[in-house]
Amino acid sequence: GEKLVTIPNGANTDLFHPRPAAGRRLRDELGLSGCFLVIYAGIHGVAQGLEHVLRTAHHLTAANHIHFLFVGDGPCKADLVEMRRGLGLHNVTMLDAQPRHAIPAFLSAADVALVPLRHLDLFKHALPSKMFDAWACACPIVLSIDGEARRVLERARGGVFVPPESPQALAETIRTLSREPECCQIYGTNGRRFVEKHYSRQAQARQLSRLLESVVD
């Protein structure tokens, strides 16, 4: 144990940082200006359980000011597109995967970012890098992963935890956040500061440098 050191996931804060002007342009291009925008950006796979997010959107179809934006591809994408069509979700936009350098604009356009995984013990030690990418762009997160990720969220005070695979609870949380823009701004600011201090690639490089120096000494 004394010979093992962990340097966790983090964000490149030179690439991922708030870009409000780019975010506003993107909203205009997508016809999403003025709404409370909830984003999921990442792989559309089995582990993410995104069908529960679509059920959340279905609970919120009457809330015309809330819109969901999915960005990405993956093995479940076709099924999710079909599910959106079957549920008649006018409040969900689905885009193809985007180049990594474009993602900060999407995160800057969003009011909150979703970070979900299925309700499995396997994921209690998961710490997805998309948490830190969103925070680096001052975007608060709604986290549906219990365990280590939740503990980091609570340390950062950068968003809200919702139990995994709980569409109704997620819908109520999003509805509440849509009424509290000041709260979302505080979460986003907290997240950015937390990443800069603890989970930036620059902080990780310093940690690795200190580790190597101590080994040499």
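What counts, and at which threshold
- Residues numbered from 1 in each chain as written.
- Predicted model: local features only at pLDDT ≥ 70, side-chain atom pairs only at ≥ 80, totals over all residues.
- Heavy atoms only, no water.
- Disulfide = S-S within 2.5 Å.
- Buried < 20%, exposed > 50% of the residue type's maximum accessible area, 1.4 Å probe, protein only.
- Core = buried A, V, L, I, M, F, W, Y, C linked by side-chain atoms within 4.5 Å.
- Contact = heavy atoms within 4.5 Å.
- 1 Å grid on protein atoms, 1.4 Å probe; cavity = no way out; pocket = protein on both sides within 12 Å on 5 of 7 lines; lining within 4 Å.
- Points joined across faces, edges and corners; volume = space filled by probe spheres on them.
- Helix = DSSP H or I, 4+ residues; strand = E, 2+ residues; numbered from the N terminus.
- Nonpolar A, V, L, I, M, F, W, Y, C, P; charged D, E, K, R; others polar.
- Pairing = 2+ DSSP bridges.
- Right-handed = clockwise from strand over helix to strand, strands pointing away.

Caption draft 1: Looking closely at the state of the cysteines. Counted under the stated rule, the structure contains 0 disulfides. Among the cysteines around Cys-35, which has no disulfide bond, Cys-139 carries the closest sulfur, lying 13 Å off. In this structure Cys-183 is not part of a disulfide, and its nearest cysteine sulfur, from Cys-184, lies 6.0 Å away. Given the relative accessible area of 25%, Cys-183 is considered partly exposed.

Caption draft 2: Examining the nonpolar core more closely. Membership of the largest hydrophobic core comes to 43 residues, with the highest contact counts inside it found for Ile-39, Met-131, Phe-132, Trp-135 and Ile-141. For Trp-135, the contacting residues outside a window of four places in its chain are Ile-141, Val-152, Leu-153, Ala-156, Gly-158, Gly-188, Gly-191, Arg-192, Phe-194 and Val-195. Counting residues in hydrophobic clusters, the runner-up holds 26 residues, among them Ala-63, Leu-89, Val-142 and Ala-171.

Caption draft 3: The arrangement of the layout of surface pockets in detail. The computed volume of the largest pocket comes to approximately 400 Å³. Ser-108, Ala-110, Asp-111, Ala-138 and Gln-185 are, among the 23 residues lining the largest pocket, the residues nearest its centre. Mapped onto the lining of the largest pocket, the elements with two or more residues apiece are helix H1 (20–30), helix H4 (103–109), helix H7 (167–178) and helix H8 (181–199). With 5 residues, the top contributor of residues to the lining of the largest pocket is H8. Its residues assigned to classes, the lining of the largest pocket comprises 13 nonpolar, 6 polar and 4 charged. Its volume calculated, the second largest pocket comes out at about 280 Å³. Looking at the second largest pocket, it is lined by 19 residues, and the ones nearest its centre are Ala-41, Gly-42, Arg-100, Ile-103 and Lys-130.

Caption draft 4: The arrangement of the environment of Val-152 in detail. Relative to the assigned elements, Val-152 resides in helix H6 (residues 148–156). The exposure class of Val-152 is buried, given its relative accessible area of 1%. Separated by 45 residues in the primary sequence, Val-152 and Lys-197 place their C-alpha atoms 13 Å from one another. Excluding anything up to four places from it in sequence, Val-152 contacts Leu-127, Met-131, Phe-132, Trp-135, Phe-194 and Tyr-199.

Caption draft 5: Spotlight on the pairing of strand E1 (residues 36–41). The element E1 is extensively covered by neighbouring structure, given that 6 of its 6 residues are classed as buried. Two elements, E1 and strand E2 (residues 66–71), share 6 bridges in a ladder whose sense is parallel. Directly across from Phe-36, in E2, lies its bridge partner Ile-66. Handedness of the E1-helix H2 (residues 50–59)-E2 crossover: right-handed.

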